[in-house]
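What follows is each chain in one-letter form.
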Amino acid sequence: QVRLVESGGGSVQADDSLRLTCTNSQRTFSNNGVGWFRQAPGKEREFVAAIDWRGSDTTVADSVKGRFTISRDNAKVYLQMNNLKPEDTAVYYCAASRSSAKTTIQSWYRYWGQGTQVTVSS
């Protein structure tokens, strides 16, 4: 069973940093690729970052490259967000993939958390 819980969201100023954490409340998800997605008001959900099961293979969206980093240990997956911009404002979701590999494709993700709000003010 996989039940994902995101934490670490909040309201910050532009150029501030936040670290989001994704936890599987039922057990570890060490065999799953994990991704972060976000959805801003009035927009479709979009890919942000993904990591494979070992934590050795990652990818991030071009819009956050150089500012966001994804990492994991056995129990949690993290999204470090630096130099935040107002356009990063969204609800951020973590998701566990059907595969052990990283993927940017939303349909590959089987389990989703409820999301955590990130608001960045200018």
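Our subject is the structure that appears above.
The rules we used
- Residues numbered from 1 in each chain as written.
- Predicted model: local features only at pLDDT ≥ 70, side-chain atom pairs only at ≥ 80, totals over all residues.
- Heavy atoms only, no water.
- Salt bridge = Lys/Arg side-chain N within 4 Å of Asp/Glu carboxyl O.
- Buried < 20%, exposed > 50% of the residue type's maximum accessible area, 1.4 Å probe, protein only.
- Helix = DSSP H or I, 4+ residues; strand = E, 2+ residues; numbered from the N terminus.
- Pairing = 2+ DSSP bridges.
- Axes fitted to C-alpha atoms, helices over the stretch in contact; angles between N-to-C directions.
- Disulfide = S-S within 2.5 Å.
- Contact = heavy atoms within 4.5 Å.
- Core = buried A, V, L, I, M, F, W, Y, C linked by side-chain atoms within 4.5 Å.

The next subject is the pattern of salt bridges. Side chains that differ in charge, positive against negative, can pair when their charged atoms come close. Here the structure, examined in full by the defined rule, presents five salt bridges. Residues Lys 65 and Asp 62 are paired through a salt bridge, measuring 3.1 Å at the closest nitrogen-oxygen approach. Each member of the pair, Lys 65 together with Asp 62, is exposed. With its nearest N and O atoms 2.7 Å apart, the salt bridge here joins Arg 67 to Asp 88. With Arg 67 in the loop between β6 (58–60) and β7 (68–72) and Asp 88 in the loop between β8 (76–81) and β9 (90–97), this pair connects stretches of sequence that are 21 residues apart.

This paragraph deals with the sheet that holds strand β3 (residues 18–24). Taken together, the four strands give an open sheet; going across it, the order is β1-β3-β8-β7, and neighbouring strands pair in antiparallel fashion. Strands at the two margins of the open sheet, each flanked by one partner only, are β1 (4–7) and β7. When strand polarity is set aside, the average angle formed by the axes of neighbouring strands in this sheet is 15 degrees. Pairing of β7 with β8, which is carried by five bridges, proceeds in the antiparallel orientation. The residue bridging Ile 70 from the neighbouring strand is Leu 79, located in β8.

Moving on, we come to the state of the cysteines. Scanning all chains against the criterion turns up one disulfide. Covalent S-S linkage joins Cys 22 and Cys 94, the inter-sulfur distance amounting to 2.1 Å. In this structure the cystine formed by Cys 22 and Cys 94 twists about its S-S bond by roughly 60 degrees; its chirality is therefore right-handed. With Cys 22 in strand β3 and Cys 94 in strand β9, this pair connects stretches of sequence that are 72 residues apart.

Moving on: the side chain of Thr 21. Following the sequence through the fold, Thr 21 ends up in strand β3. Non-local contacts of Thr 21, meaning those with residues more than four positions away in its chain, are made with Val 5, Glu 6, Ser 7, Trp 36, Lys 76, Val 77 and Tyr 78.

On to the nonpolar core. The biggest cluster of nonpolar side chains holds 33 residues, and the ones touching the most others in it are Trp 36, Val 48, Phe 68, Val 77, Leu 79, Met 81 and Tyr 92. Where this core is concerned, the elements lending two or more residues are β3, β4 (34–39), β5 (46–51), β7, β8, β9 and β11 (116–121). Aside from chain neighbours lying at most four places away, what touches Phe 68 is Arg 38, Val 48, Val 60, Leu 79, Gln 80, Met 81, Asn 82, Leu 84, Asp 88 and Tyr 92.

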